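# Report on the structure
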Amino acid sequence: TGAPTRAANATNALALNRKRASARAGTRQRQRVAAAAVATPTMLRTKKDMRKWAAEQHARGARVILVPTMGGLHAGHLSLIDHAASVCANEGDAIVVSVYVNPAQFAPHEDFDTYPRNLDDDVRLIAETKATEHLAVFAPQDMYADEEEDDDNVQPSARLAAEREADSAMPSTLKTHVVPCGSLAAGLCAESRPHFFGGVCTVVLKLFNVTSADVAVFGEKDFQQLCIVRAMVRHLDVPVRVESAPLVRDDDLLALSSRNRGLSEDARLAASSSLPVSMLSVSAAAEADRALTLPADAPPPPPTWEVASCLEARIAKACSEAGGEADYVTAVDRETLQPIGSVKGCSADIELPDGWTRALPEGARMCAAVVYGGVRLLDNVAL
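Residues numbered from 1 in each chain as written. Predicted model: local features only at pLDDT ≥ 70, side-chain atom pairs only at ≥ 80, totals over all residues. Heavy atoms only, no water.

## Overview of the overall build of the protein
Along its length, the protein carries 11 helices and 9 strands. When the 383 residues of the protein are sorted by exposure, 54% land in the buried category. Long-range pairs, those at least 24 residues apart, make up 80% of the contacts in the protein with a sequence separation of at least 6. (Helix = DSSP H or I, 4+ residues; strand = E, 2+ residues; numbered from the N terminus. Buried < 20%, exposed > 50% of the residue type's maximum accessible area, 1.4 Å probe, protein only. Contact = heavy atoms within 4.5 Å.)

Written out as structure tokens, the structure is:
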């Protein structure tokens, strides 16, 4: 089996990925149209109301399943809610979708002020999901207010933004917060956004406490975030089961994200033609290589660092040629998120021999963050 066969297999696998993405998008649209809202979600605007609602659900023997979001909902978010309703929930369980743009995870120079916000649209979309019974939307004004301040008169966005210290995203009045440590929080997004995961973990822990959640659903699009939240739950003995739902792609294969709305037409075309295509091509090539039957006398695979670095270089080259600026393109161990390649200057044109996937640890993952037209996009695929 030679390079032409490998290329054909990878091309076929990529074409299948495109068909699957298109089919999923069509199915989601049909579901949205067919599922006219049959129930209006209970609106909860304060922590006090949230605690009361959760207590009522537990009193009738139901579990509370949390789907945390920052609003600006799209089909990817709705798939999390559908996942919670169809996979995680038992009959009678309650689902709460939180909508809160968390200022603590934005640095002062980032896009907190322009992040998409339209609560009415978000509630309408939530009402059209599979979760039509025992459904609530928790849209607090301020997750960082003291309980006695927890009312609709608090205007947190301006206040918390003003309270941020010049070199930190964390509101200066917030004296207790979570600081994730270890390899999970040491690389990838943490290198260019060192403030980010502290803000995420702090608000997620607060959401777990306020909602009294039994289960929480996170998407695999933010793969590092998912790993860090799971670690926080283990390390702090938080009684919440963290479930994951697959990354969802748009028709043009871009991973669905609220930030996609900030892409110009040209930037979107450049992004969609390079980042997801190169990521899925590498993943498809790995799938095709694993399907090969190797002869008994096949030579050993190249070193892990060489294979991983070559794949990283291929993706980085494709994105750069399309005008993207890579924050990182890194192959990692799925469990530790430790890089397995990242040898700078490795050629993207190295021809890998049959059986090269034998060099990779089980569950290896390729993660990338690339900026197009000022918009930072994330993607990740299995290797």
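Now that the structure has been shown, we can carry on.
## Considering helix α7 (residues 196-211)
The end-to-end C-alpha separation of α7 is 22 Å, in line with the 22 Å expected for 16 residues at 1.5 Å each. The element α7 is largely enclosed, with a buried count of 14 among its 16 residues. Positive backbone phi, approximately 55°, marks serine 212, located one or two places after α7. (Expected span 1.5 Å × (residues − 1).)

## Some details on the sheet that holds strand β8 (residues 365-372)
Taken together, the 3 strands give an open sheet; going across it, the order is β7-β8-β9, and neighbouring strands pair in antiparallel fashion. Both outer strands of the open sheet, β7 (325-332) and β9 (375-382), are each paired with one neighbouring strand and no more. For this sheet, the mean angle separating the axes of adjacent strands, direction not counted, is 10°. (Pairing = 2+ DSSP bridges. Axes fitted to C-alpha atoms, helices over the stretch in contact; angles between N-to-C directions.)

## Concerning the packing of aromatic side chains
Summed over the entire model, instances satisfying the criterion amount to 4 aromatic pairs. Taking 5.9 Å as the distance between ring centres and 75° as the angle between the ring planes, the aromatic pair formed by phenylalanine 106 and tyrosine 115 counts as edge-to-face. Judged on exposure class, the residue phenylalanine 106 and its partner tyrosine 115 are both buried. Here the aromatic rings of phenylalanine 196 and phenylalanine 197 are separated by 4.8 Å at their centres, their planes lie at 70°, and the arrangement is edge-to-face. Using a relative accessible area of 4% as the deciding quantity, one classes phenylalanine 197 as buried. Taken together, Phe106, Phe112 and Tyr115 form an aromatic cluster joined through their ring pairs. Looking at arginine 117, its charged tip hangs above the ring of phenylalanine 112, at a distance of 4.8 Å from the centre. Here arginine 365 stacks its cationic end above the ring of phenylalanine 223, 4.7 Å away from the centre of that ring. (Phe/Tyr/Trp six-rings, centres within 6.5 Å; stacked < 30°, edge-to-face > 60°. Lys NZ or Arg CZ within 6 Å of the ring centre and 35° of its normal.)

## A closer look at the pairing of strand β5 (residues 215-219)
Here β5 lies mainly inside the structure; 5 of its 5 residues are buried. Residues Val215, Val217 and Gly219 point to one face of β5 and Ala216 and Phe218 to the other, with burial holding for every one of them. Bridge count for strand β2 (residues 64-69) against β5 is 2 bridges, and the pairing is parallel. Looking at the pairing, isoleucine 65 lines up with valine 215 of β5. Of the strand pairs in this sheet, β5 and strand β6 (residues 241-245) are connected by 5 bridges, and their pairing is parallel. Of the residues in β6, the one forming a bridge with valine 217 is glutamate 243. Handedness of the β5-helix α8 (residues 223-235)-β6 crossover: right-handed. (Right-handed = clockwise from strand over helix to strand, strands pointing away.)

## With respect to the packing of α7 against α8
The contact between α7 and α8 brings their axes to 10 Å, and the two run at 55°. Judged on the interaxial angle alone, α8 and α7 are oblique. Relative to α8, α7 is oriented so that their crossing is right-handed. Two secondary-structure elements touch here, α7 through Phe196, Phe197, Val200, Cys201, Val204, Leu205 and Phe208 and α8 through Gln224, Gln225, Ile228, Val229, Met232 and Val233. Considering only residue class, the contact of α7 with α8 consists of 11 nonpolar, 2 polar and no charged. (Parallel < 35°, antiparallel > 145°, perpendicular 65-115°, else oblique. Left-handed = near helix turned anticlockwise from the far one by under 90°. Nonpolar A, V, L, I, M, F, W, Y, C, P; charged D, E, K, R; others polar.)

## Topic: the pattern of salt bridges
Counting across every chain of the model gives 11 salt bridges. In this structure, aspartate 379 and arginine 249 form a salt bridge, with 2.8 Å as the shortest nitrogen-oxygen distance. Of the two residues, aspartate 379 is situated in strand β9 and arginine 249 in the loop between β6 and α9 (265-272); the sequence distance between them amounts to 130 residues. Classification of arginine 249 as buried rests on a relative accessible area of 6%. Arginine 376 is paired through a salt bridge with aspartate 327; the nearest N and O atoms lie 2.8 Å apart. Of this pair, arginine 376 sits in strand β9 while aspartate 327 sits in strand β7; the two residues are 49 residues apart in sequence, bridging distant segments of the chain. Salt bridges sharing common partners tie together Asp250, Asp252 and Arg268. (Salt bridge = Lys/Arg side-chain N within 4 Å of Asp/Glu carboxyl O.)

## So, unusual backbone geometry
Glycine aside, residues mostly have negative phi angles, and peptide bonds mostly take the trans form. Of note, the phi angle at aspartate 237 is positive, near 55°, even though the residue is not glycine. By secondary structure assignment, the location of aspartate 237 is in the loop between α8 and β6. With a relative accessible area of 66%, aspartate 237 lands in the exposed category. The backbone of leucine 253 shows a phi angle near 80°, a positive value even though the residue is not glycine. One can find leucine 253 in the loop between β6 and α9. Residue leucine 253 is classed as buried on the basis of its relative accessible area of 0%.

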